[in-house]
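Descriptive structure summary
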Amino acid sequence: MSRFHWTCESTDGAARAGMLHTAHGPVATPTFMPVGTVGTVKAMTMDAVRSTGAGIVLGNTYHLMLRPGAERVRALGGLHRFMDWSGPILTDSGGFQVMSLGALRKLDQDGVTFRSHIDGSYHRLTPESSTDIQHALDATISMCFDECPALPAPPETIAASMRMSMRWAARSREAFVQRTGYGQFGIVQGGTEPDLRAESVKALTDIGFEGYAIGGLAVGEGQELMFATLDTTVPAMPHTAPRYLMGVGTPDDLLGSVQRGVDMFDCVMPTRAGRTARAYTERGTLNLRNARHATDARPISPDCDCLACSRHSRAYLHHLFRANEILGPMLLTWHNIAYYQRLMRQIRAAIVEGRLDELATTLRANWAAEDWTEDEMPQPAIPPVP
Ligand SMILES: [Zn+2]
């Protein structure tokens, strides 16, 4: 079994193409992790997820501890077996969800007490219990339990929160049971304050983790400030470990963050958009509910090999969403995850070939087109159903 480590294969500017080696197999980076909050990537079978080329998925401690419960998942063979995903799984620590419960939670220096959004029952998460739950789920990558303050906030509030998260990171590390091929990531906090981010990076690297995440971004600060924060934070992070930007983002966010040295991402955008008729494409986004798709026989994207594009027209997708048929979200989620995975493969290949800036210019010009025009696209070749 491979010990948990990350190897760098190529660099292009600050961008890195690498390989993450884990107990559950390798993952090429940069990588996008589809979000499987409650043990399912919503509206997709795991075979569909695999067919997109996804190498690692995300599970959610908060949701799984409440339902069905971490001990039940353990008794049923762990999360991999439970959800039929043999590849690596990263679990978040539950911190972010608990913090967003607002009035339903009470924070102290030791942890957080909160009421379940499902039945109102009381629960408690601490760095130790979060780490134990992630172990019970058999997460390949566990995350430290941290606090993520809402932005904007005064610098002293962000500083106090970050320092508590660093104390919690040390406790999370203490509670983590080392196993071959498994890893635990520390989470850099500090809002958009470069000094606080630097202090956080130092605190985490002094503890020592298998990887490092950047938390507390994509919470409403905007892309410009997010990129500025990455510009000052990422260069200070260890060069030999994977870097994970949590909860990000749009295709353009991913591209810009890879250019700044980030290796791993997760976001609900492609799956959530798939349930609301929104398609990501090489030419920007499409709203399949729009009436102009009603008679359009072309696929969403001629470059996509997902089931939606290889077998169905935009008109059919439009019809499914108008009729509130469950197949609409299923097909479009599949398409969106396939698009995100294809984008990451394109980006990785460009890093290896030393032409990431060139690819970035092309991608951004194409995304700005926002939609296909009639004369840009060859007329459809919808393959006949065998
Ligand atoms: Zn597609």
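This section reports on the structure supplied with the text. Only a predicted model underlies this, so the values are computations on that prediction, with no experimental measurement involved.

What follows concerns the coordination of the zinc ion. Taken together, the protein donors to the zinc ion comprise Cys304 (SG), Cys306 (SG), Cys309 (SG) and His335 (ND1), at separations of 2.1 to 2.3 Å. Given four donor atoms and angles of 97 to 119° at the metal, the environment of the zinc ion is assigned as tetrahedral. The sequence pattern describing where the donors of the zinc ion fall on their chain is C-x1-C-x2-C-x25-H. A relative accessible area of 7% places cysteine 304 in the buried class. Residue cysteine 309 is classed as buried on the basis of its relative accessible area of 5%.

Turning to the pattern of salt bridges, a few remarks are in order. This model, assessed by the stated rule, comprises 18 salt bridges. For arginine 364, the salt bridge is made with aspartate 252, and the minimal N-O distance between the two is 2.8 Å. In this pair, arginine 364 sits in helix 15 (residues 356-368) while aspartate 252 sits in helix 10 (residues 251-259), placing the two residues 112 residues apart along the sequence. According to the relative accessible area criterion, arginine 364 is partly exposed, its value standing at 33%. A relative accessible area of 22% places aspartate 252 in the partly exposed class. Measuring nitrogen to oxygen at the nearest pair gives 2.8 Å for the salt bridge that ties aspartate 296 to arginine 298. Comparing aspartate 296 with arginine 298 shows no difference in burial state: the two are buried. Through salt bridges with shared partners, one network takes in Asp108, Asp110, Arg124, Glu128 and Arg171.

This part covers the state of the cysteines. Per the counting criterion, the structure on display carries zero disulfides. With no disulfide partner, cysteine 144 has as its closest neighbouring cysteine sulfur the one in cysteine 148, 14 Å distant. Judged by relative accessible area, cysteine 144 falls into the buried class, the value being 1%.

Thresholds, definitions, all that
Residues numbered from 1 in each chain as written. Predicted model: local features only at pLDDT ≥ 70, side-chain atom pairs only at ≥ 80, totals over all residues. Heavy atoms only, no water. Donors = N, O, S within 2.8 Å, 3.2 Å for Na, K, Ca; no water. Tetrahedral: all angles 85-135°; square planar, octahedral: opposite > 155°, others 65-115°. Buried < 20%, exposed > 50% of the residue type's maximum accessible area, 1.4 Å probe, protein only. Salt bridge = Lys/Arg side-chain N within 4 Å of Asp/Glu carboxyl O. Helix = DSSP H or I, 4+ residues; strand = E, 2+ residues; numbered from the N terminus. Disulfide = S-S within 2.5 Å.

Functional significance is not addressed by these values, which are geometric in nature.
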